[in-house]
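Chain and residue survey
Chain by chain, the residues:
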Amino acid sequence: MRYLKVGIAYEGGDDGQLIATIVRKVTEPLGFTFEFFEPETPSTAILDYISSYTNKFVDSGVDMGIYCTDQDEATDSRRLLIKTKIERTDAAFALKAAIGVPVPHIEAWLIQQDSIVKNLLGIDGSIPLPHSELSPKDRLTALYSESDYYTRTRNDLRIDIAGRLDIDFCSRNNTEFKHFVQDIRSIISRL
Amino acid sequence: MIRKLTIENYKSIEKTSLSFEEINVLIGKNGAGKTTLISVINMLMKLANGANINALVNGLAPLGGEFYNANSSSRHAKFALEVQTPSREIYDYSFSVAFGDKDRSINELGPAFYIENESLYKIEPLNSPKKMIFQRTGDDTSIEISSNDGITRMPLNVDPRVLVLSSFAQNDVKLVAQTLGSYSVIWIDTPQPSNVFEIVSSNAPNLSTIDGVAVSLYLKDKGLFDSAMNAIESIIPGFTPPEITNINDSISRRSKDDQDRKKATNFVVSWSDSQYSRSYGISRMSLSGGNSRVIYLILSLYNSEASSCFVAEEIENGMHLSRIAKLIDQMRMIVKNRKIQLFFTTHNHLILDDLLPKEVIFTKLGARGSEYTRLTETKEYADVESDLGRAPSSSELVNSGLLFG
């Protein structure tokens, strides 16, 4: 297994380990794992800091820069916006950048495979996953809160789900996830 | 667990009635009435433990009249709640707090504030009529009690300033009193008194200090103590559990007094901090303010009784933004696993990212005093839901600014 140095810029909170788990799920079958370099995050959308993160990644000599932010309800393509800002800052580094913009947020990637969520939370596999009326993030929180079966934290649950995702299945079902995975695989193929 | 609470004519509240979830977070501007609601739970806990209402009012409203709503001339505040015991039985409990007037014999009743109209009913399953356990009407000096022989009347042998609930030895009454009395109310801004070094007695650890609550939990349940340490470590990188040392032997050796030797076991707590060398301990006074708050909050949560209720004010004060999500994550896990009902107030919109709309109570001061509305029940929630075409999150709704218009 070869080691990469991976920089991750994300929206703050608890998403760092979660994103690292997804990235590892993509890189490890290709023979690469990584220690990740995580800059101080502003605990807000990273869009205004793309140039700063890019410079920091370049200065730190990372092999791959991950940029993750939620699309939320924005109508403009945040993926395109981030890509443009990276290219403007350092065109060469744009080839080492993987951009993930989940719609509306990262939990949308985690609840694609109902069976994983049901299995971890001890939900009857024969019933539809409850709380479909809620946003993916709130849905996962509500399911977590109602589960007596899963006793670790909600963030542990998110990481556990990420560790079990079928990357190819999720890529087929979610366009933004597919773009993110393609970015990572392209970078790996150039190494 | 408090399932429902109705409050009438208390401080900024003219009248309100609301139901509660497992997690309840009060948001709103300064002066909206967040702390007022919290103070009711604090008062319930103390009264259920036998506190005297007149003494208690001195802490809540020392000028007396401020205990009641400013828009009302009535001197009767009413509190009614639906409470669920750890064994999942449900009771309706209510009482009023009255203020002595010129027609009343102050000498007989004692000074000023007293309890009246207290009652306890058990909610029976399957829509059966609720069963009266006891009832005290007005300031009557007797109470009605339900028994197998029907309803009987007996003299009220308690101080009118104390709840019958706290003093009547009947199983249902004791169960409800124990449920309400087990609640923990934490004023997170003031976790420590000024003395620097503390020797914690196992007999009565001071739960308002980090050292006291650490020793209390350590003695109560080593497994829970270890879980608390793990939770703190996940929020504070590099945190090392404290050393808790029994110093009784050394005190006994030095003391010539027999009484000293018979005293309870005494402990000192030695903390560590990444900025100090790990080779020696530090007192709690050398912990950073932010670290102290995290440690105190998590220890207090684990030290609370399972199936009880935990109340804290503005948990995020002095805390770095990067820690807030981790703190909420840990708190959510603890209250879920230990079946603790959680109430806290906040001014921090980042916290909302991790809360469901049904867990957030929007508080505002209207023409009729403090109003409390769960986010899912606000008119604005429906409007934003219509705009988005889906259920809004707490932060989407609050950050829209519509609630504050």
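Residues numbered from 1 in each chain as written. Chains lettered and ligands numbered in written order. Predicted model: local features only at pLDDT ≥ 70, side-chain atom pairs only at ≥ 80, totals over all residues.

**A short note on the overall build of chain A**
The secondary structure content of chain A amounts to 9 helices and 4 strands. Listed by position from the N terminus, the elements making up chain A come as β-α-β-α-β-α-β-α-α-α-α-α-α. Its C-alpha atoms give chain A principal-axis dimensions of about 50 × 40 × 30 Å. A burial count over chain A gives 39% of its 191 residues as buried. Across chain A, every contact between residues at least 6 apart in sequence was considered, and the portion connecting residues at least 24 apart equals 74%. (Helix = DSSP H or I, 4+ residues; strand = E, 2+ residues; numbered from the N terminus. Buried ≥ 20, exposed ≤ 12 C-beta atoms within 10 Å, placed from the backbone. Contact = placed C-beta atoms within 7 Å.)

**What to know about the packing of helix 2 (residues 50–60) of chain A against helix 3 (residues 78–89) of chain A**
Helix packing for two helices is described by the angle between their axes and how far apart those axes are. Residue and element names in this part refer to chain A. One way to put it is that helix 2 packs onto helix 3 with a least axis distance of 9 Å and a crossing angle of 50°. Here helix 2 lies oblique to helix 3, going by the angle between them. Here helix 2 and helix 3 pass one another in a crossing that is right-handed. Contacts between helix 2 and helix 3 involve Ile50, Ser51, Thr54 and Asn55 from the first element and Ile82, Lys85, Ile86 and Thr89 from the second. (Axes fitted to C-alpha atoms, helices over the stretch in contact; angles between N-to-C directions. Parallel < 35°, antiparallel > 145°, perpendicular 65-115°, else oblique. Left-handed = near helix turned anticlockwise from the far one by under 90°.)

**Section: the domain arrangement of chain A**
It is common to give the size of an interface as the accessible area lost on bringing the parts into contact. Residue and element names in this part refer to chain A. Taken domain by domain, chain A comprises domain 1 (2–108 + 158–190) and domain 2 (113–156). Computed over C-alpha atoms only, the centres of domain 1 and domain 2 are separated by 25 Å. Between domain 1 and domain 2, the residue contacts involve 13 residues of the former and 11 residues of the latter. Within the residue set of the side of domain 1 that touches domain 2, elements represented by two or more residues are helix 4 (107–110) and helix 7 (154–164). Per-element accounting of the side of domain 1 that touches domain 2 gives the leading share, 5 residues, to helix 7. Taken together, the residues of the side of domain 1 that touches domain 2 break down into 6 nonpolar, 1 polar and 6 charged. (Domains from an automatic or database assignment. Nonpolar A, V, L, I, M, F, W, Y, C, P; charged D, E, K, R; others polar.)

**Comments concerning the sheet that holds strand 1 (residues 2–9) of chain A**
All names here are of chain A. Taken together, the 4 strands give an open sheet; going across it, the order is 2-1-3-4, and neighbouring strands pair in parallel fashion. The open sheet has two edge strands, strand 2 (32–37) and strand 4 (97–100), and neither has a second partner. Shown here is a sheet whose adjacent strand axes are inclined to one another by a mean of 30°, direction ignored. In this sheet, strand 4 lies alongside strand 3 (residues 64–68) in parallel orientation, the contact comprising 4 bridges. Looking at strand 4, one finds that Tyr67 is bridged to Ile99. The sheet strands contacting helix 9 (residues 175–190) are strand 2, strand 3 and strand 4, and the helix crosses strand 4 at an angle near 170°. (Pairing = 2+ DSSP bridges.)

**Concerning the nonpolar core**
Residue and element names in this part refer to chain B. Grouped together as the largest cluster of nonpolar side chains are 106 residues, with contacts concentrated most on Leu165, Ile232, Ile298, Leu299 and Val311. If you tally residues by element for this core, the top one is helix 9 (residues 289–303), at 8 residues. Both domains that meet at this core, namely domain 1 (2–182 + 356–404) and domain 2 (186–352), each give it at least three residues. Sequence-distant contacts of Ile232, defined by excluding residues within four places in its chain, comprise Phe239, Val294, Ile295 and Ile298. (Core = buried A, V, L, I, M, F, W, Y, C linked by C-beta atoms within 7 Å.)

**Some thoughts on the interface of chain A and chain B**
Counting residues at the interface gives 18 residues for chain A, matched by 18 residues for chain B. For the side of chain A that touches chain B, the elements supplying multiple residues, two or more each, are helix 6 (136–146) and helix 7 of chain A. If you tally residues by element for the side of chain A that touches chain B, the top one is helix 6 of chain A, at 5 residues. Of the residues that constitute the side of chain A that touches chain B, the class distribution is 2 nonpolar, 9 polar and 7 charged.

**A word on the domain arrangement of chain B**
Residue and element names in this part refer to chain B. For chain B, the assigned domains read domain 1 (2–182 + 356–404) and domain 2 (186–352). With 20 residues of domain 1 in contact, the opposing surface of domain 2 contributes 16 residues. Of all the secondary-structure elements, those providing two or more residues to the side of domain 1 that touches domain 2 are strand 3 (23–28), helix 1 (34–48) and helix 13 (394–399). When its residues are assigned to classes, the side of domain 1 that touches domain 2 shows 11 nonpolar, 7 polar and 2 charged.

**What to know about helix 6 (residues 222–235) of chain B**
All names here are of chain B. For helix 6, built from 14 residues, the straight-helix expectation of 20 Å at 1.5 Å per residue is met to within 8% by its first-to-last C-alpha distance of 20 Å. Looking only at helix 6, the buried set comprises Phe225, Ala228, Met229, Ala231, Ile232 and Ile235. Buried residues in helix 6, looked at end-on, bunch into an arc of 165°, giving them a common side. Summarising the geometry of helix 6, the exposed residues directed more than 90 degrees from the buried face are Lys222 and Gly223. Buried-residue contacts for helix 6 involve helix 5 (210–220), helix 9 and helix 10 (321–338). (Expected span 1.5 Å × (residues − 1). Arc of directions from axis to C-beta.)

**Description of unusual backbone geometry**
Generally, phi is negative for residues other than glycine and the peptide bonds are trans, each holding for most cases. With omega at -5°, the peptide bond leading from Val103 of chain A into Pro104 of chain A counts as cis. Inspection of the secondary structure assignment puts Pro104 of chain A in the loop between strand 4 and helix 4. Backbone geometry at Asn9 of chain B places phi at a positive 60°, although glycine is not the residue there. As for its position among the elements, Asn9 of chain B is in strand 1 (residues 2–10). When the 22 C-beta atoms within 10 Å are taken as the criterion, Asn9 of chain B is described as buried. We note that Asn117 of chain B has phi near 50°; this positive angle belongs to a residue other than glycine. The topology assignment puts Asn117 of chain B in strand 6 (residues 113–123). Overall, Asn117 of chain B belongs to the partly exposed group, with 18 C-beta atoms counted inside 10 Å.

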